[in-house]
Amino acid sequence: MGEGLDYFQLTREARGLDTSHCKKTLRLAVLADFATQQLISVLKVLSARRGVRLEVYDGGYDVIDIEILNPESGLYKFEPQFVAILHATEKLKAKFYAATDRPAFSEMVVTHHTELWETIGKRSKAHIIQGNYVVPSERVFGNYEQKVAHSLGRAISTINLGIAEAAQSSRSVLLLDVDHLAAEAGRSAWADARLWAIAKTPCSLPNLPVFARNLLDVILAASGVFAKCLVLDLDNTLWGGVIGDDGLHGIQLGGYDEGEAFVSFQEFLLELKRRGIILSVVSKNNHDAAILPFREHPSMVLKESDISVFIANWDDKATNIRRIQEVLNIGFDSMVFVDDNPFERNLVREFLPSVIVPEMPEDPSLYRGALAALNLFETASFSESDSQRGELYREQAQRELTKSSFSSIEDYLLSLNMIVKLERFSPASLPRIAQLMQRSNQFNLTTRRYSEAACEQFMNDPQNYLPLSFSLADKYGDYGLIGVTVLKLSDEELEIDEFLMSCRVLQRGVEQFVMNSVVSFAARHQMATVRGRYIPTEKNSMVKEFYSNFGFVASPISSDKSFEWTLSVQDYLPRKVFMHTEELDPVFGLTAGTSA
Amino acid sequence: MIRSEIESKLTNVFRETFNQPELQLSPSLTADDVEGWDSLSHINLIVAVEQEFGFSFATREVRSMKNVGDLIELVAKKVG
C-alpha cells in the first residue's frame, strides 16, 4: 500500500494538525452518500504532508442532490475550487433493487450524474471530481452475471463506463476510479459490511488512506502539481548486470526470468513516455558503453530517441540531475529518480530533497508495480501533443548544446529562424490551452488556472475578451503552443488578465514579441491604457518584474497579494525581437514576414 | 490469553486511540467518561482492538457493548 498510509497513524496526526508550513491552500467540497469525516480527516493530513492546506466543506450525509440543486446551498457559498462527488455502492444497490424499470436504470443514473455536473457548471467554476461505483463482490448469477443485461453487476459496470464516457466530453469533470482502488486492494478486503451497517463508512479503515491519497492526487494534478520527468539509472535498473563489465551480450535483457522483468519495466516506461512523461538517463558509465544497448541490443525496448537527456559520466548523480533540471527547466519537485542502488537514492535525497526518490524493491519483477503504485503520473488533461513532449525536450537539449558555440546571444537567436504564431483561442486548441493553464507555474503572472470550459467562454465573448495563444517554431523543430494571454477589453483600456508561457522558451524574446503586438493592438483601437497584474505565488517570482521591464508603472492600488501595473500606450517603446510572424492576422494587422 | 494481558493490551489501544497516555481502564468506564470517545472514534477503537488481538467483532457485538467491562468480556471470549 505504501509508506505512511497507516490509518491509525494518520488519525493520530490529524489531531492538532499543523498547517502553518503549507504554502498553498485549496478549497474542496465533499459531497457523498456515505459518512465522510474519517476520509476528510485523513485527507487533510496527507495534503499537509504535500505542503497544501485543504479547506474542506463537508456537504453532510447523503444530501448530494440537495446541495447541488439548491442555488443557495452551503456548497456554492463555500466557493469551492474542487467538488468531489463520491458514492457508496450500497446506496445505489438500494435504488437498483427498488427500481421498477431495471433496463432503464443504468442510463438514468448516468444521465442524473451529467445533469448534476451541468448544474454545478452553471453556478461554479470548480473542477468536479466524480467517484465511480465499486462493483460488488456478490454475484447472484455467478460468472453468468455479466451476461445478464440487467443484473446488478452488469448495471454497475455499465454505469461506470457511462460516467467515464460522459466525462470525456465534459471539460471540467475529472474521475476518481474508486472501483480500481477496490480491485487493487481486493474487493473483499476493501469492503467492510459491518462498518457500513454501523457507521456508513465507505470501506474498511485501512483502505481509507489510499482512497484519500488518490483523491488528493487528482486535486494536485489539476492544480499543476505532478511528476513530469523520470530520471533513470541504467545498470540493474533498465537491464540486469553492469554494461561496462558484462558487455552487450552479458547483460540480462529479454528472454526469461530477470531479463523478462527488465523488458516489462522498459515497456511500462515507454508507455509513460507516450503519455507525456519526459525520460532522462543518469548513469555512472562511459558514454559509449551506456549507449550501446540502446543502439544494438535486440531486446532493448527504449531507444535513444525516447530519452530526452542522456548523461553517462563519472560525476555524482546529484550534479547530473542538476544539469538535467537546468536543461529541461522544470521544478526539481516534478522529477522522479529511479535507481536500484540505495547509496545513489540516499545521495540524491540528501542533496536534492525536492526530487521524488521512491524506494525500489530488490526484485526487478516488482519494479513496475512499485512505481505504478505510487501513482506519480496523475493528470488533469491529456492531448495528442503530450506524446511528442519527449521529442520536444530532446530538441531543446540539442539547442542548449549548440548555444555555447555562438559568440553573442543575438547572433544565436537570429540563427534560429524563429517564427511565432499569435492566434485567438479556437476549439481545436482549447485542450492544449487548458493544459498549459493547469501546468504552468513559473512564468505565470496571475495563475488563474482557468478550466477548458472557462477558456471556451472567453472564446465566445469577443465583445469583452481577446484570448490569445502563441506558438513557436525554429529550425530545430516546432514547439507548438507555448503561451497564453487573456486580454479583457473595454473602450478606454485593455487589461491583461492572464499571461503565461512555457519555461522551455525563455530568453528568446517571445514575450517581447507578444507585448509589442498587444500594445500595438491597444493603440490601433484607441485604448489609452494597458493594465497588468502580478499575483505572487511560491513558484512565480521570476515574473515579479515582468511589467516593470516593459515600462509599466506600479499602481497605487497594489497590495502584497496583487501587484497592479499600468502603461500609458503612447509611452511604450517596442522591444527588439528576433522572430517573424508566420501569417496575416487581421487582429494585429501584420503582414507575413514582419517582425513586430 | 490471561485477563491481565488482555487488559494491558486494551489499555494501550485506548491510550493511543484517544491520545491520553495516562488513561486507566475500569469495567464501569463508558464513552461519557472519556474525552473524544464519540461514535466516530468508537469505530476507530473497535478496529484498533481487532487489529491488536487478531479477531473480528460481529455487528451486534459492536453495538452491545455498554462499558469497558463488556468490551473486556467480549475480548476474553474471543482470545481467552
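From a predicted model like this one, the values you see are computed outputs, not experimental measurements.

How each quantity is defined
- Residues numbered from 1 in each chain as written.
- Chains lettered and ligands numbered in written order.
- Predicted model: local features only at pLDDT ≥ 70, side-chain atom pairs only at ≥ 80, totals over all residues.
- Helix = DSSP H or I, 4+ residues; strand = E, 2+ residues; numbered from the N terminus.
- Buried ≥ 20, exposed ≤ 12 C-beta atoms within 10 Å, placed from the backbone.
- Contact = placed C-beta atoms within 7 Å.
- Core = buried A, V, L, I, M, F, W, Y, C linked by C-beta atoms within 7 Å.
- Axes fitted to C-alpha atoms, helices over the stretch in contact; angles between N-to-C directions.
- Parallel < 35°, antiparallel > 145°, perpendicular 65-115°, else oblique.
- Nonpolar A, V, L, I, M, F, W, Y, C, P; charged D, E, K, R; others polar.
- Pairing = 2+ DSSP bridges.
- Left-handed = near helix turned anticlockwise from the far one by under 90°.
- Right-handed = clockwise from strand over helix to strand, strands pointing away.

For chain B, the helix and strand inventory stands at four helices and zero strands. Reading chain B from its N terminus to its C terminus gives the helix and strand order α-α-α-α. For chain B, buried positions account for 20% of its 80 residues. Expressed as a percentage of contacts within chain B between residues at least 6 apart in sequence, the contacts between residues at least 24 apart total 60%.

Counting secondary structure elements, chain A contains 23 helices and 17 strands. Expressed as a percentage of its 596 residues, the buried residues of chain A come to 41%. For chain A, long-range pairs separated by at least 24 residues make up 70% of all intrachain contacts whose partners lie at least 6 apart in sequence.

All names here are of chain A. Membership of the largest hydrophobic core comes to 175 residues, with the highest contact counts inside it found for Val30, Ala84, Leu215, Leu230 and Val231. Among the elements that take part in this core, helix H11 (residues 208–222) stands out by supplying 10 residues, more than any other. Setting aside anything within four residues of it in sequence, one finds Val30 in contact with Thr36, Ile40, Val56, Tyr57, Asp58, Gly59, Ala84 and Leu86.

Moving on, we get to the packing of helix H1 (residues 7–14) of chain A against helix H2 (residues 37–49) of chain A. Residues and elements named next belong to chain A. Running from amino to carboxyl end, H1 crosses H2 at an angle of 80 degrees, the nearest separation of the two axes being 9 Å. With respect to H2, the element H1 is oriented roughly perpendicular. Counting all contacts with H1, which are made through Tyr7, Leu10, Thr11, Glu13 and Ala14, the residues of H2 involved are Ser41, Val42, Lys44 and Val45. Classifying every residue of the contact of H1 with H2 gives five nonpolar, two polar and two charged.

Further remarks concern unusual backbone geometry. Residue and element names in this part refer to chain A. One non-glycine residue with positive phi stands out, namely Asn329, at about 60 degrees. Tracing the backbone through its elements, the reader meets Asn329 in the loop between helix H15 (317–328) and strand E9 (335–338). On the neighbour-count criterion, Asn329 (16 C-beta atoms within 10 Å) is partly exposed. With a phi close to 50 degrees, Asn375 is a non-glycine residue in the positive phi region. Position of Asn375 relative to the elements: it lies in the loop between helix H17 (367–373) and helix H18 (389–403).

What follows deals with the interface of chain B and chain A. Listed per partner, the contact involves nine residues of chain B and 13 residues of chain A. Elements supplying a minimum of two residues to the side of chain B that touches chain A: helix H2 (39–53) and helix H3 (59–64) of chain B. Counting residues per element, the side of chain B that touches chain A draws most heavily on H2(B), at six residues.

A word on the sheet that holds strand E4 (residues 127–131) of chain A. Residue and element names in this part refer to chain A. Strand order in the open sheet formed by five strands is E2-E1-E3-E4-E5, with parallel pairing between adjacent strands. The open sheet is flanked by strand E2 (52–61) and strand E5 (173–176), the only strands paired with a single partner. Pairs of neighbouring strands in the sheet enclose a mean axial angle of 25 degrees, with direction left out of account. As judged from the five bridges shared by strand E1 (residues 24–32) and strand E3 (residues 82–86), these two strands associate in the parallel manner. Within E3, the residue paired with Leu28 across the bridge is Phe82.

All names here are of chain B. Where helix H1 (residues 3–17) meets helix H4 (residues 68–79), the axes come as close as 10 Å, and the angle between the chain directions of the two elements is 120 degrees. Here H4 runs oblique to H1, going by the angle between their axes. Relative to H4, the crossing made by H1 is right-handed. Note on element contacts: H4 touches H1 through Ile72, Val75, Ala76 and Val79, opposite Arg3, Ile6, Glu7 and Leu10. Here the contact of H1 with H4 is built from residues that sort into six nonpolar, no polar and two charged.

The next subject is the pairing of E3(A). Residues and elements named next belong to chain A. Summarising burial for E3: five of the five residues are buried, a large majority. Burial along E3 is two-sided: Phe82, Ala84 and Leu86 and Val83 and Ile85, pointing in opposite directions, are all buried. Where E3 lies against E4, four bridges are found, and the strand directions are parallel. Its bridge partner lying in E4, Phe82 is registered against His127.

Residue and element names in this part refer to chain A. By secondary structure assignment, the location of Lys24 is in strand E1. Residues Lys24 and Val52, spaced 28 residues apart in sequence, show a C-alpha to C-alpha distance of 4.9 Å. Each residue touching Lys24, except ones within four places of it in the same chain, is listed here: Gly51, Val52 and Glu538.

The next point concerns the pairing of E5(A). Residues and elements named next belong to chain A. Pairing between E4 and E5: four bridges, direction parallel. Across the sheet, Gln130 pairs through a bridge with Leu175, a residue of E5. The β-α-β motif built from E4, the intervening helix H7 (residues 152–168) and the parallel element E5 has right-handed crossover chirality.

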